[in-house]
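A structural walkthrough
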Amino acid sequence: MKKIFKVLLIIIGIVALLGGGFATFISIRGIPSFEVKAPNIKVAITPEKIKRGKQLATVLCVRCHMGKSSGTLTGNYLDDAPEQFGKIYSRNITQHKEKGIGDWTDGELTYLF
């Protein structure tokens, strides 16, 4: 029984040491970021493409990004996220130049999807 307890304690110690080492590595080095390699494209705005964009937004974006009070894609508190992650809010994906994605290029938007 003592041997099993000792082996279990060693395994827990190794896991804790690896976890602490990883946490230290991330705190020193920081969370990695990558350069966006968005294509250089320009999309022509047509009524058909606007209609298709509304359909895509309804299917892909509305569930998380629709503001309950505004009825627009201003972002939302994600109350169904696990508690251990804290309070999570989705981003504002309206065409607002400063708070939304209004300054994004067509290539960056394409890269997003």
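Refer to the structure above for everything that follows.
1. Some details on the pattern of salt bridges
- As enumerated under the stated definition, the model contains three salt bridges in all.
- The salt bridge involving Asp80 is made with Arg63; its shortest N-O contact spans 3.3 Å. With Asp80 in the loop between α3 (62–65) and α4 (106–112) and Arg63 in helix α3, this pair connects stretches of sequence that are 17 residues apart. Neither residue differs from the other here; Asp80 and Arg63 are each classed as exposed.
- A salt bridge links Asp79 to Lys68, with the nearest nitrogen and oxygen atoms 3.9 Å apart. Separated by eleven residues along the polypeptide, Asp79 in the loop between α3 and α4 and Lys68 in the loop between α3 and α4 bring together distant segments of the chain.
- With a relative accessible area of 64%, Lys68 lands in the exposed category.

2. Here we look at a nonpolar patch on the surface
- A cluster of nonpolar side chains, namely Leu56, Val59, Leu60, Trp104, Leu112 and Phe113, defines an oily patch on the protein surface of about 650 Å² accessible area.
- Of note, Leu60 is situated in helix α2 (residues 47–60).

3. Topic: α2
- The first and last C-alpha atoms of α2 sit 20 Å apart over 14 residues, in line with the 20 Å expected at 1.5 Å per residue.
- The element α2 is largely exposed, with a buried count of one among its 14 residues.

4. Quick word on the state of the cysteines
- The full count for this structure, using the stated rule, is zero disulfides.
- Distance from the sulfur of Cys61, which forms no disulfide, to the nearest cysteine sulfur (Cys64) is 8.8 Å.
- Given a relative accessible area of 10%, Cys61 falls into the buried group.

Basis of the calculations
Residues numbered from 1 in each chain as written. Predicted model: local features only at pLDDT ≥ 70, side-chain atom pairs only at ≥ 80, totals over all residues. Heavy atoms only, no water. Salt bridge = Lys/Arg side-chain N within 4 Å of Asp/Glu carboxyl O. Helix = DSSP H or I, 4+ residues; strand = E, 2+ residues; numbered from the N terminus. Buried < 20%, exposed > 50% of the residue type's maximum accessible area, 1.4 Å probe, protein only. Patch = residues over 30% accessible without salt bridge, like charges linked within 9 Å, V, L, I, M, F, W, Y side chains within 5 Å. Areas by Shrake-Rupley, 256 points an atom, 1.4 Å probe, with all protein chains shown as cover. Expected span 1.5 Å × (residues − 1). Disulfide = S-S within 2.5 Å.

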